[in-house]
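Examining the three-dimensional arrangement
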Amino acid sequence: DVKVTQSSRYLVKRTGEKVFLECVQDMDHENMFWYRQDPGLGLRLIYFSYDVKMKEKGDIPEGYSVSREKKERFSLILESASTNQTSMYLCASRDRGGTDTQYFGPGTRLTVL
Amino acid sequence: TQLLEQSPQFLSIQEGENLTVYCNSSSVFSSLQWYRQEPGEGPVLLVTVVTGGEVKKLKRLTFQFGDARKDSSLHITAAQPGDTGLYLCAGCTGTASKLTFGTGTRLQVTL
């Protein structure tokens, strides 16, 4: 079974702090994604990565950056956390095989005070 | 940014009832996926539909892709409490297979 793990289930940070969210997948997938999920808005793509050291902005990249130094690990960085970044953050990796499925981690609920 | 609107946003029904969830867009998608998300977990893929007009069945769940590949529906027959969750449609475009997610439908099935 594909497994996508995220470093924390719950995180509380203060405004202005630098925040790192880590995601690891164990299926050798090239593509990885970071989304945020807010009620009534569904999932919105922040950044994605085609492969190691490759990244592309999604629909809402402002205030975020990413790092992909190893194939299995994709990190989301909030350089200076703000209260409007309080949200559920979901990481996914993609199987480029027949089903084109995205496999999601359990999410990190981030609260910025 | 492409938008996928789902309706209804919330649905609370009793066990045994039937229901339909709609996913609509003004954009054309190469394929459309449906996911279910349970509390505390990430979304899990239920089905992918690719061809306009395609109908797929997964036990009591029936998925349909519109002829013009702009909309989709999910019909659940004889709902059970285990169907409770957040249902998300997601449209796929482009070679990167980026997904555009719908706004979500939260379903509650009670005994």
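What counts as what
- Within every chain, residues take consecutive numbers counted from 1 along the sequence as written.
- Each chain is given a letter, starting from A, and each ligand a number, starting from 1, according to the order in which they appear as written.
- Local features in a predicted model are, by the rule used here, given only for residues with pLDDT of at least 70; side-chain atom pairs are given and counted only at 80 or more, and totals for whole chains, interfaces and linings are based on all residues.
- Side-chain metrics in this entry use all non-hydrogen atoms of the structure; hydrogen atoms and water are not considered.
- Strands here are runs of E lasting at least two residues and helices are runs of H or I lasting at least four, both read from the DSSP assignment and numbered beginning at the N terminus.
- The buried label goes to any residue with under 20% of its type's maximum accessible area, the exposed label to any with over 50%, and the partly exposed label to all in between, with areas taken from a 1.4 Å probe on protein chains only.
- We call two residues in contact when some of their heavy atoms are within 4.5 Å.
- Residue-level accessible areas treat just the shown protein chains as cover; the underlying method is Shrake-Rupley with a 1.4 Å probe.
- Neither His nor the chain termini are counted; the positive set is Lys and Arg, and the negative set is Asp and Glu.
- Throughout, a charge is located at the NZ atom of Lys, the CZ atom of Arg, the CG atom of Asp or the CD atom of Glu.
- Here, strands pair whenever DSSP counts at least two bridges between them.
- Angles shown run from 0 to 180 degrees and are taken between the N-to-C directions of axes, each axis being a line fitted to C-alpha atoms and, for helices, limited to the stretch in contact.
- By the convention adopted, Pro, Cys, Tyr, Trp, Phe, Met, Ile, Leu, Val and Ala count as nonpolar, Lys, Arg, Asp and Glu as charged, and the other residues, Gly among them, as polar.
- Put simply, buried Ala, Val, Leu, Ile, Met, Phe, Trp, Tyr and Cys residues joined by side-chain atoms within 4.5 Å make one nonpolar core.

Let us look at the overall build of chain B. Of regular secondary structure, chain B possesses zero helices and eleven strands. Each helix and strand of chain B, placed in order from N terminus to C terminus, yields the pattern β-β-β-β-β-β-β-β-β-β-β. Along the three orthogonal principal directions, the C-alpha set of chain B runs to about 45 × 30 × 20 Å. Out of the 111 residues belonging to chain B, those deemed buried represent 47%. Considering only contacts in chain B between residues 6 or more positions apart, those separated by 24 or more positions represent 54%. With the model as given, the accessible surface of chain B reaches about 5,300 Å², and the carbon-plus-sulfur share is 50%. Treating the 9 positive side-chain charges of chain B as one cloud and the 9 negative ones as another, the clouds have centres 6 Å apart.

A few words now on the sheet that holds strand 1 (residues 5-7) of chain B. All names here are of chain B. Judged by pairing direction, the sheet is antiparallel, and its five strands sit side by side in the order 1-3-8-7-6 without closing on themselves. The open sheet has two edge strands, strand 1 and strand 6 (55-58), and neither has a second partner. Strand-to-strand, the axes of this sheet are offset by a mean angle of 15 degrees, without reference to chain direction. Relative to strand 7 (residues 61-65), strand 6 is paired through four bridges, and the arrangement is antiparallel. Each residue of the ladder has a partner; that of Lys-57, found in strand 7, is Thr-62.

Right, let's get into the interface of chain A and chain B. Interface size is commonly expressed as the accessible surface area that is lost when the partners come together. Between chain A and chain B, the residue contacts involve 20 residues of the former and 21 residues of the latter. Of all elements in the fold, only strand 4 (31-38), strand 5 (42-49), strand 9 (87-94) and strand 10 (102-104) of chain A reach the threshold of two or more residues within the side of chain A that touches chain B. Broken down by element, the residue count for the side of chain A that touches chain B peaks at four residues, all from strand 5 of chain A. Broken down by class, the residue content of the side of chain A that touches chain B amounts to nine nonpolar, seven polar and four charged.

This brings us to the environment of Glu-15 of chain B. All names here are of chain B. You can see Glu-15 is positioned in the loop between strand 2 (10-14) and strand 3 (19-24). Taking relative accessible area as the criterion, Glu-15 reaches 43% and is therefore assigned partly exposed. Sequence spacing of Glu-15 and Thr-77 is 62 residues, and the spatial spacing of their C-alpha atoms is 10.0 Å. Apart from the residues lying within four places of it in its own chain, the contact partners of Glu-15 are Ala-79, Gln-80, Pro-81, Val-109, Thr-110 and Leu-111.

This part is about the nonpolar core. If you look at the biggest cluster of nonpolar residues, it comprises 21 residues, and the most contacted ones within it are Leu-19, Leu-32, Trp-34, Phe-63, Leu-74, Ile-76 and Leu-107 of chain B. Those elements giving two or more residues to this core turn out to be strand 3, strand 4 (31-37), strand 5 (44-49), strand 7, strand 8 (71-76), strand 9 (85-93) and strand 11 (105-110) of chain B. Contacts of Leu-107 of chain B, omitting those with residues within four sequence positions, involve Leu-11, Ile-13, Leu-19, Ile-76, Asp-83, Thr-84, Gly-85 and Tyr-87 of chain B. Counting residues in each nonpolar core, the second largest holds 20 residues, with Met-32, Tyr-47, Ala-81 and Leu-110 of chain A among its members.

Below, the discussion takes up the sheet that holds strand 1 (residues 4-6) of chain A. Whenever strands of a sheet pair, they do so through backbone hydrogen bonds, lying parallel or antiparallel. Residues and elements named next belong to chain A. The four strands are arranged 1-3-8-7 in an open sheet whose pairing can be described as antiparallel. Sheet topology places strand 1 and strand 7 (64-70) at the edges, where each strand pairs with a single neighbour. Between one strand and the next, the sheet's axes are offset by a mean angle of 20 degrees, whatever the strand orientation.

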